[in-house]
Amino acid sequence: MKIKCVITDDEPVARKGMKGYVEKVDFLELVGVCEDAVALNNLLREKEVHLLFLDIEMPYINGLELLQSLPHPPKVIFTTAYEQYALKGFELEAVDYLLKPISFERFLKAVNRAYEFFKTTPQPVADYLFVKTNDKLVKVNWKDIVYIESLENYVSIYTAQTRYIAHITLKSVIESITDPGFIQTHKSFVVNAAKITGIEGNVIELGKVQVPISRSMKETVMEKIVNNRLLKR
């Protein structure tokens, strides 16, 4: 089990120290580092996050205020120099409340507590993603996506009716996929296996659209499709 986490702190030294701690724990996966709560708010709209390492006193909006504004916040471990917020932190059902300077021993105790929580509590899986396109966040259901194409510094996400252009990398999209029916066929393409209508040579047919299968990926792609592994829900 990997716990996807984000560090948010306005102090560079604190961010660096926490990042080093996270990298030592094999069940933690760092998916973002933010300088303030505003940046975190933006990140949460684009990525799946299970756990926040969240400072409280930050510019613009503090960590407590942000957490209270989220309709479905991730679990949180507060990391702060101010003990007076502890009661409020636990009222918000924080996993733990760490006072700076934070030792690795104390950090490990907190993340082990988080691990036990996630191990015993089933977590909902998002069946959609938010795509920022034309300065607007658009909700796209995974089941509606036919394929995704990488083009330099952006991706095109195709549904049967619409093409969404987003200035993100294909790698970041792949990391956020929660539907097991998606498969990367080429360094520039990911397809929804449920939308495949045929395969001929090194080409996958998605209705009238054709997507290539790279030579290096063909064996893996064909094995998964022929054995129907990805289509089992």
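Residues numbered from 1 in each chain as written. Predicted model: local features only at pLDDT ≥ 70, side-chain atom pairs only at ≥ 80, totals over all residues. Heavy atoms only, no water.

Draft legend 1. Region of the structure containing the overall build of the protein chain. What the protein chain contains, in helices and strands, is seven helices and 15 strands. Along the first, second and third principal axes, the C-alpha set of the protein chain runs to 65 × 35 × 30 Å. Buried residues in the protein chain amount to 42% of all 233 residues. Counting contacts in the protein chain only where the partners sit at least 6 residues apart, residues at least 24 apart contribute 49% of the total. (Helix = DSSP H or I, 4+ residues; strand = E, 2+ residues; numbered from the N terminus. Buried < 20%, exposed > 50% of the residue type's maximum accessible area, 1.4 Å probe, protein only. Contact = heavy atoms within 4.5 Å.)

Draft legend 2. Examining the sheet that holds strand β2 (residues 28–34) more closely. The parallel open sheet is built from five strands, whose spatial order is β2-β1-β3-β4-β5. At either margin of the open sheet sits one strand with a lone partner, and together these are β2 and β5 (96–99). Going across the sheet, the axis of each strand differs from the next one's by a mean of 20°, ignoring polarity. Docked against the sheet, helix α5 (residues 104–120) engages β1 (3–8), β2, β3 (51–54), β4 (75–80) and β5, running at close to 165° with respect to β5. (Pairing = 2+ DSSP bridges. Axes fitted to C-alpha atoms, helices over the stretch in contact; angles between N-to-C directions.)

Draft legend 3. Quick look at helix α2 (residues 37–44). Within α2 the residues assigned to the buried category are Ala-37, Leu-40 and Leu-43. Projection of α2 onto a plane perpendicular to its axis shows the buried side chains occupying an angular sector of 115°, all on one side. Between the side-chain oxygen of the N-cap and the backbone nitrogen of Val-38 there are 3.1 Å, and the N-cap of α2 in question is Asp-36. (Arc of directions from axis to C-beta. Polar contact = N/O pair within 3.5 Å; in protein donor to acceptor, adjacent residues only side chain to side chain.)

Draft legend 4. Structural view of the pairing of strand β9 (residues 154–159). Burial runs high along β9: five of the six residues are buried. Bridge analysis of strand β8 (residues 145–151) against β9 gives six bridges, and the strand direction is antiparallel. Pairing of Ile-145 across the sheet is with Thr-159, part of β9. A loop of two residues connects β8 with β9, the two strands running antiparallel in sequence, and Glu-152 in this loop sits at a positive phi of about 55°. The pairing of β9 with strand β10 (residues 163–166) spans four bridges and is antiparallel.

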